[in-house]
Amino acid sequence: MESTEFNRVLRRIATVLSVVIVTLSLVAASTGILLSIYYEPAAGRAYQSLKLITDQVQYGWLFRKAHNIAGNGVIAIALVQIVVLFLGRQFRKSWLSAWMSAILFTLTVIGLSWTAMILSWDQEGFWRFSIELGTIEAIPLIGSQLREILTGGGAISTLTIQRLYTIHSYILSIAAIIISVVHLLSVLWQEKQMKAQLSNSEGDNLASSNIQGAGASLAES
Ligand code: HEM
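Everything in this summary refers to the structure shown in the same document.

## Examining the coordination of the iron atom of the ligand
Okay, step 1: Those donors, His67 (NE2) and His168 (NE2), are the protein atoms that reach the iron atom of the ligand, and they lie 2.0 to 2.1 Å from it.
Okay, step 2: Coordination at the iron atom of the ligand comes from six donor atoms whose angles at the metal span 84 to 179 degrees, giving a geometry best classed as octahedral. With His67 in helix H3 (residues 60-87) and His168 in helix H7 (residues 158-220), this pair connects stretches of sequence that are 101 residues apart.
Okay, step 3: A residue is classified by how much of its surface remains accessible, and His67, at 18% relative accessible area, is buried.

Pasting the structure below:
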């Protein structure tokens, strides 16, 4: 009984978190689109354009802050969701699709955060990205090709920002929105299946207690 109650609470938390995940993804995507109106993906210009957004564009600072909070917040929530789903594991189809989509979503938003590293073109982002490129280059067989593809020629330049901006704003953000919706639907499906199972078992209990009651009254008469 206690574990059924525990599972019910976990399922409720998973449903709430999946709604939060979709909401934060939509906030990040919409504020990202607003940022893209003024953002210039070019070496040197990227930093200046973000400064312009913060200092001169009306509510620009707010959109930038909202994008940062939603973008980083959704990673934290997705990680909590993985733990919640793990604790309430059921190994049925609906749970499996919720679990897989949660993992895929987490990897996608980590990718979004990673590709954003160089977008601000500041000292910290530049040096962090240089170190990461060194690690990527050390991957056997494909390392140097991967570096070439990401940077667009080996050195960090405007081409690098443009490539990462395309991956960030088109490929990964669209993937994140789609996966977050799939995840929400899987969690709702899981909830529906569990409710149906509960009402079936309640019906069975009622039927068996009726049969027992009828048996007892027959024996008395
Ligand atoms: C689900 C959608 C998205 C997520 C989760 C996301 C996430 C992020 C994250 C985590 C950062 C780094 C923030 C920081 O810590 O500084 C970032 C930065 C950025 N993103 Fe996105 N993003 C999304 C969609 C978009 C879209 C659609 C665009 C543009 C069309 C975009 C443009 C940018 C830009 C220009 C930056 C750099 C801003 C800055 O450094 O303040 N993002 N994003």
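Still more ground to cover, so stick around.
## Examining helix H5 (residues 123-137)
Okay, step 1: Its 15 residues place the ends of H5 21 Å apart at the C-alpha level, agreeing with the 21 Å of an ideal helix rising 1.5 Å per residue.
Okay, step 2: Buried within H5 we find Gly125, Phe129, Leu133 and Ile136. End-on, the buried residues of H5 take up no more than an arc of 70 degrees, which puts them together on one face. Facing away from the buried side of H5 by more than 90 degrees, the exposed set consists of Gln123, Glu124, Ile131 and Thr135.

## Points about unusual backbone geometry
Okay, step 1: The residue Phe91 is not glycine, and still its phi comes out positive at about 55 degrees.
Okay, step 2: Examined against the element boundaries, Phe91 turns out to sit in the loop between H3 and helix H4 (93-116).
Okay, step 3: Positioned with a positive phi, Leu141 is a non-glycine residue whose angle comes to about 70 degrees.
Okay, step 4: Residue placement: Leu141 occurs in the loop between H5 and helix H6 (143-151).

## A word on the side chain of Thr151
Okay, step 1: Checked against the element boundaries, Thr151 lands in helix H6.
Okay, step 2: On the basis of relative accessibility, which here comes to 0%, the residue Thr151 falls in the buried class.
Okay, step 3: Of the polar contacts made by the side chain of Thr151, one reaches the backbone nitrogen of Gly154; its length is 2.8 Å.
Okay, step 4: Those residues in contact with Thr151 that sit more than four places away from it in its chain are Leu133, Ser157, Leu159 and Thr160.

## Overview of the packing of helix H2 (residues 45-55) against H3
Okay, step 1: Put simply, H2 and H3 touch, their axes get as near as 5 Å, and they point 115 degrees apart. Considering the angle they form, H2 stands roughly perpendicular to H3. Across from Leu50, Ile53 and Thr54 in H2, the residues of H3 making contact are Gly60, Trp61 and Arg64.
Okay, step 2: For the contact of H2 with H3, a count of residues per class yields three nonpolar, two polar and one charged.

## Concerning the packing of H5 against H6
Okay, step 1: Across the interface, H5 lies against H6 with an axial gap of 7 Å and an inter-helix angle of 145 degrees. Contact residues: Leu133, Gly134, Ile136 and Glu137 in H5; Gly143, Ser144, Leu146, Arg147, Leu150 and Thr151 in H6.
Okay, step 2: Tallied by class, residues from the contact of H5 with H6 come to four nonpolar, four polar and two charged.

Definitions and limits used
Every residue gets a number counted from 1 within its own chain, in the order that chain's sequence is written. Only residues with pLDDT of at least 70 get local features here, since the model is predicted, and only at 80 or more are side-chain atom pairs given and counted; chain-wide, interface and lining totals rely on the full set of residues. Heavy atoms throughout the structure, all of them, feed into the side-chain values; hydrogens and water do not. Any N, O or S atom lying within 2.8 Å of the metal counts as a donor, with the limit raised to 3.2 Å for Na, K and Ca; because water is left out of the atom set, some sites can appear incomplete. Irregular is the label for any site that misses the other tests, which are tetrahedral for four donors with all angles between 85 and 135 degrees, and square planar for four donors or octahedral for six when opposite donors exceed 155 degrees and the remaining angles lie between 65 and 115. Under the DSSP-based scheme used, a helix requires at least four consecutive residues in state H or I and a strand at least two consecutive residues in state E, with every element numbered from the N terminus. Here the term buried applies to any residue with accessible area under 20% of the maximum for its type, exposed to any over 50%, and partly exposed to those in between, with areas from a 1.4 Å probe on protein chains only. What a helix is expected to span follows from its residue count: subtract one and scale by 1.5 Å. Directions drawn from the helix axis to the C-beta atoms are what define this arc. Definition of a polar contact: a pair of N or O atoms within 3.5 Å, with one able to donate and the other able to accept a hydrogen when the atoms are protein atoms, and with sequence-neighbouring residues admitted only if both atoms are side-chain atoms. The contact criterion used throughout is that any non-hydrogen atoms of two residues lie within 4.5 Å. Angles run from 0 to 180 degrees between N-to-C directions of axes, and those axes are lines fitted to C-alpha atoms, restricted for helices to the stretch in contact. Any angle that is under 35 degrees is reported as roughly parallel, and any over 145 degrees as roughly antiparallel; angles of 65 to 115 degrees are reported as roughly perpendicular and all others as oblique. Basically, the charged four are Asp, Glu, Lys and Arg, the nonpolar ten are Ala, Val, Leu, Ile, Met, Phe, Trp, Tyr, Cys and Pro, and anything else, Gly included, counts as polar.

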